[in-house]
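# Survey of secondary and tertiary structure
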Amino acid sequence: MSCGNPTVEGESIMPRRKKYDKTRYCVRCKEAEGNIVIRHAVYCKDCFSPLITHKFRKGLEPSINRKPDLSRRTALKPDGNLLVGVSGGLGSTVLLDLLHRCYVSMDESTMPSDGGRQHPRHERVWKKVTVCYVEMCDAFPGMRDRTSDVERRVAQYAGLDFVPLRIQDAFDPEWCRKVHASRKESSFSVDMTTEELRLSAIASSSASTPLQALHGYMSSLPTATAVPTTVQTLVRLLLLHTAVQSGSSHLVLGTSLTSLAVSLISGISQGRGYNLKEEVQEEWVPDDSDEPCPPGSGSKQGGARARKPYVRVIRPLRDIGRKECALWAWWRGLNVVGKEQQPWSGAKQDIGILTREFITGLEKDYPSTVSAIVRTCSKVEPKGRAGGLCALCARPIQDGVQEWKSRISIRSRDGSQREPSPTSATLTPRLCYGCHTTLTSRSSRPAPSLGLPSSDRSTVPLPLWVGSGVPRSRLSEQQMKDAVSEFLLEGDTS
Amino acid sequence: MPPRLCALCNEARAILKRPKTGQQICKECFFWVFETEVHNTITEAELFKPGDRVAIGASGGKDSTVLAHVMKTLNERYQYGLELFLLSIDEGITGYRDDSLETVKRNQQQYDMPLKILSYNELYGWTMDAIVSQIGKKNNCTFCGVFRRQALDRGAASLHVDHIVTGHNADDIAETVLMNIMRGDIARLGRCTLICTQGEDTIKRSKPFKYAYEKEIVMYAYFKKLDYFSTECIYSPDAYRGHARVFLKDLEAARPSAIIDIIHSGETFEVKEEVKATQKTQQTCKRCGYMSSNELCKACTLLEGLERGMAAAAVTERARKKLDAEGPAPENLRTIPFYQQAHPPTNAAGLPI
């Protein structure tokens, strides 16, 4: 827009910075004029497509076979089916499109040109591809339900199954029965007002509906940061269980390079440094032997000696920035459903949102920030021994985190008060540092108001998967004692 | 409504909300909890042995003033048996360091500790004022940071101490963790959460305030009525660090435990072995004998650039090449005196505190 003053126009305006460094021609074909600048390199539209499919395949294929194969000389034979987690956002829209082109519709332009039509790579890698969407509108009053929008988009691609879930399924015994086959039900509630997070069993008569349980849980969270973090954990676990249920050995997510950098820094800021590796790629083995086996794994190995099911979570867009994703969606004419803004008031106090704003702002002045973050995080590994998996997020717990916490921030003048009472079960020792912080760390501001119907109980129900370890470990202690009881001397009750 | 009681002693009236935990506590419990956490940090890391000679890096600012006070208090209360010194570096910044050094001199009287002041001018022949007049305000923090590190070691060597403690607080460390990740500085990322660093030839350096919040340090100084100098450096700070600092303050406002959570994250990972193998090994500078990852240490490179009128030489790769192209350093170039660490009589058999 002109300011109308002729003396400041023309030469006196600061020269516009060039968008590219050396040449305006594509660095690949060196003929066409470029259409996009990806961190200093210029690409034309024709060369952009193979570049993205190549990065996508490179991000996925070395992890398809059970044994990681970097050279990719062997055929791709996954142990089970494929589950695609979609959110309706840009990343998962691009992921779905690339995945369908490369592995379902087998678009030849996405494949390397050598090898001919009979080459084994022209066989379908996954027999069944399922798309799962978790609707979270019930956690936030005023949020629109987008299940049908997402379903319509998915239906545009032939050959994909669609599984819609709702976030309150995490509290639904029906869903639990569906994914856990014969598992015994045990549900627990937790008292989030104390550091110990005391547990109590929920009698089936007083059980609330899944929606009430979700609302109780969400409205007990102490900070604005805890809300989206909890939603993410619930969605992740719902997807993992659905993967097992659908016989999938692989779960792919549409996390782009940019979102990965944000989630790494946000994770570090929430004390999840021990799980940086899992944030990039993880392998989850359900702790129950009574989970249904993925069809691919059992049949080939022969019934009883079937391999334990596992789910490998892969983010094949982790080398592709948000800008490239946006351009792919634009050139391919993809329709992005988009994510709903969280309507509640605490969003500005959310570490996840603060991190995203900070990183995208920094990226403007320092264009390599996003890739530097991801590269740096790939050069570190967790230190020390892991002490099992976190009951809430199912990621490895570092040994001794609670001792560390109580030494660094003293909360009581009497050290013995911190010892959890042996008579009541507590959740704290079974949580990772990050999840414990999510449930207990408070801010000076009041807890976020989500506008949910408040619960009148002091304890709130936990997601149903948390129940599995608690009574079992206590029971097994008793069982162990029973097993050795005949060798114990009389009077020895220790 | 009755006054709220302290969450720690349940007796006295709570008068403050602890920034680190949000607990409402009384003044006495605040002193107790702040000092005890520092004591825990010291004993858990086994920082000292009885008889150790320890220099406190003192700038006259809040962190080092509180550090001197707390070190003296803990040394007496728990009988660490340490001999404490104050060590100050005079960077030569008129209107800033000259004033803050006055505070350090008062601290020397108040705490009854010997004080040593070493100046950049004495060691390098340059004051920061002179450096800024040659290179401008951009990048001057690079010079100051590199020169200070070496100056502290040299000052400590002349005091025959075997340990320097600095006032780096939890906010500084959390900020450094974030910065090193964003800049991809793997070597520093591995080091920055260590409480104590020691190369083969260098003096031990540690940070007893590693887990102490900046806000609590200010609070401690306020309630103890400590005498400190609170002006920011007049030369512009590192812009990148500034971004990280603003971000960290936002995180702290969103959830106060964020600072300690970031440090915890930093402590839970380490650099992969295969990456470590590609890092440069430590050697000694051929010109001044100080530890270095290249033939010439960073301070000597910076000084050579200043002396030859090409101060950007150690800051950018291009300028370094230009400097090399102009031939070797002249014979009469001003250099830093050769570094030799004095080996003090230590209580080698003593058990850690």
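Quick notes on the rules
Residues numbered from 1 in each chain as written. Chains lettered and ligands numbered in written order. Predicted model: local features only at pLDDT ≥ 70, side-chain atom pairs only at ≥ 80, totals over all residues. Heavy atoms only, no water. Helix = DSSP H or I, 4+ residues; strand = E, 2+ residues; numbered from the N terminus. Rg over C-alpha atoms; globule rule 2.2 N^0.38 Å. Buried < 20%, exposed > 50% of the residue type's maximum accessible area, 1.4 Å probe, protein only. Contact = heavy atoms within 4.5 Å. Areas by Shrake-Rupley, 256 points an atom, 1.4 Å probe, with all protein chains shown as cover. Lys, Arg positive; Asp, Glu negative; His and termini not counted. Charge placed at Lys NZ, Arg CZ, Asp CG, Glu CD. UniProt positions renumbered as here; feature names shortened; annotations may be inferred. Buried area = accessible area lost by both parts, 1.4 Å probe. Salt bridge = Lys/Arg side-chain N within 4 Å of Asp/Glu carboxyl O. Polar contact = N/O pair within 3.5 Å; in protein donor to acceptor, adjacent residues only side chain to side chain. Nonpolar A, V, L, I, M, F, W, Y, C, P; charged D, E, K, R; others polar. Pairing = 2+ DSSP bridges. Axes fitted to C-alpha atoms, helices over the stretch in contact; angles between N-to-C directions. Core = buried A, V, L, I, M, F, W, Y, C linked by side-chain atoms within 4.5 Å. Phe/Tyr/Trp six-rings, centres within 6.5 Å; stacked < 30°, edge-to-face > 60°. Lys NZ or Arg CZ within 6 Å of the ring centre and 35° of its normal.

## Regarding the overall build of chain B
- Along its length, chain B carries 14 helices and 11 strands.
- Taking 20 Å as the expected radius of gyration for a compact globule of 353 residues, we find that chain B reaches 21 Å, a close match to that expectation.
- Referenced to the eigenvectors of the C-alpha coordinate spread, the extents of chain B come out at roughly 80 × 45 × 45 Å.
- Put simply, chain B has 353 residues, and 54% of those count as buried.
- Long-range contacts, defined as pairs at least 24 residues apart, comprise 70% of the intrachain contacts of chain B with a sequence gap of at least 6.
- For chain B, the exposed area adds up to about 15,700 Å²; of that, 49% sits on carbon and sulfur atoms.
- The averaged location of the 45 negative side-chain charges in chain B is 3 Å from the averaged location of its 46 positive side-chain charges.

## Overview of the UniProt feature "binding site: ATP" (unreviewed entry) in chain B
Residues and elements named next belong to chain B.
- Look at the UniProt record and you will see "binding site: ATP" (unreviewed entry) annotated at Gly57, Ala58, Ser59, Asp63, Ile89, Gly167 and Asp172.
- Structurally, the position occupied by alanine 58 is in the loop between strand E3 (53-57) and helix H2 (62-77).
- Apart from the residues lying within four places of it in its own chain, the contact partners of alanine 58 are Ser64, Leu86, Leu87, Ser88 and Val104.
- For glycine 167, the position within the fold is in the loop between strand E6 (163-165) and helix H7 (170-183).

## Let's talk about the interface of chain B and chain A
- The interface is formed by 47 residues belonging to chain B together with 49 residues belonging to chain A.
- For the chain B and chain A pair, buried surface summed over both sides reaches about 4,500 Å², with 63% attributable to carbon and sulfur atoms.
- In terms of surface lost to chain A, no three residues of chain B exceed B:Met182, B:Arg255 and B:His264, which account for 16% of the buried area on that side.
- Viewed at the interface, chain A and chain B are joined by one salt bridge.
- On inspection of chain B and its partner chain A, the count reaches 16 residue pairs in polar contact (both at pLDDT 80 or more).
- A per-class count over the side of chain B that touches chain A returns 24 nonpolar, 11 polar and 12 charged.
- Sheet topology places strand E11 (residues 380-382) of chain A next to strand E9 (residues 269-271) of chain B; three bridges connect them, and they run antiparallel. The residue of E9(B) that forms the bridge with A:Pro382 is B:Phe269.

## Concerning unusual backbone geometry
Residues and elements named next belong to chain B.
- Look at asparagine 10: it is not a glycine, yet its phi comes out positive at around 60°.
- Looking at the secondary structure, you find asparagine 10 in the segment before strand E1 (16-17).
- A residue is classified by how much of its surface remains accessible, and asparagine 10, at 53% relative accessible area, is exposed.
- Positioned with a positive phi, glutamine 79 is a non-glycine residue whose angle comes to about 50°.
- Topologically, glutamine 79 is positioned in the loop between H2 and strand E4 (83-90).
- A residue is classified by how much of its surface remains accessible, and glutamine 79, at 69% relative accessible area, is exposed.

## Considerations on the sheet that holds strand E7 (residues 199-201) of chain A
All names here are of chain A.
- Judged by pairing direction, the sheet is antiparallel, and its three strands sit side by side in the order E7-E6-E14 without closing on themselves. With one partner strand each, in any of the chains shown, E7 and strand E14 (460-461) form the two edges of the open sheet.
- Direction of pairing for strand E6 (residues 188-190) relative to E14: antiparallel, over a ladder of two bridges. Among the inter-strand pairings, valine 190 is bridged to a residue of E14, identified as valine 460.

## Concerning the pattern of salt bridges
- Counting across every chain of the model gives 44 salt bridges over all chains.
- We note a salt bridge from A:Glu174 to A:Arg177, for which the minimum N-O separation is 3.0 Å. Taken together, the residues A:Glu174 and A:Arg177, both in helix H4 (residues 173-180) and three residues apart, mark about one turn of the helix.
- Between B:Asp153 and B:Arg205 there is a salt bridge; the shortest N-O distance is 3.4 Å. Of this pair, B:Asp153 sits in helix H6 (residues 140-158) while B:Arg205 sits in strand E8 (residues 204-206); the two residues are 52 residues apart in sequence, bridging distant segments of the chain. Here B:Asp153 matches B:Arg205 in class, with each residue buried.
- A network of salt bridges, in which partner residues are shared, links B:Lys62, B:Asp63, B:Asp171, B:Asp172, B:Glu175, B:Glu214, B:Lys215, B:Arg241, B:Arg245, B:Lys249 and B:Glu252.

## Some remarks on the sheet that holds E3(B)
All names here are of chain B.
- As summarised here, the arrangement of the six strands in space is E5-E4-E3-E6-E8-E7, forming an open sheet in which the pairing is mixed. Looking at strand neighbours, the two that pair on one side only are strand E5 (115-119) and strand E7 (196-197), the edges of this open sheet.
- As judged from the two bridges shared by E7 and E8, these two strands associate in the antiparallel manner. Along E8, the bridge assignment pairs cysteine 196 with serine 206.
- Lying over the sheet, helix H3 (residues 97-111) contacts E4 and E5, oriented at roughly 165° with respect to E4.
- Taken strand by strand, H6 contacts E3, E4, E5, E6 and E8, and its axis lies near 140° from that of E4.

## Quick notes on the nonpolar core
- Residues A:Met218, A:Ile373, A:Leu427, A:Leu439 and B:Ile181 are the most contacted members of the largest nonpolar core, which totals 106 residues.
- Here this core takes 11 residues from helix H6 (residues 226-245) of chain A, the largest share from any one element.
- Not counting residues up to four positions away in its chain, the partners in contact with A:Leu439 are A:Met192, A:Leu197, A:Tyr217, A:Leu221, A:Pro222, A:Leu392, A:Leu427 and A:Leu431.
- Within the second largest apolar cluster, 43 residues are counted, among which are B:Cys6, B:Val54, B:Ala58 and B:Val66.

## Topic: the packing of aromatic side chains
- Considering all chains together, one arrives at 22 aromatic pairs over all chains under this definition.
- Ring centres 5.8 Å apart and planes at 85° place the aromatic pair B:Tyr120 and B:Phe147 in the edge-to-face group. With B:Tyr120 in helix H4 (residues 120-124) and B:Phe147 in helix H6, this pair connects stretches of sequence that are 27 residues apart. Per residue, the accessibility class of B:Tyr120 equals that of B:Phe147, and both read buried.
- Put simply, the rings of B:Phe30, B:Phe31, B:Phe34, B:Phe209, B:Tyr220, B:Tyr222 and B:Phe223 touch in pairs and so form one group of aromatic residues.
- Lying over the aromatic face of B:Trp32, A:Arg413 brings its terminal NZ or CZ to 4.1 Å of the ring centre.
- For B:Lys224, the ring lying beneath its charged end belongs to B:Phe31, and the centroid distance is 4.1 Å.

## A short note on the pairing of strand E10 (residues 311-314) of chain A
Residues and elements named next belong to chain A.
- Of the two faces of E10, the one holding Val311 and Val313 and the one holding Arg312 and Ile314 are both buried throughout.
- With three bridges connecting them, strand E9 (residues 282-284) and E10 associate as antiparallel partners. Bridge pairing in E10 places tryptophan 284 opposite valine 311.

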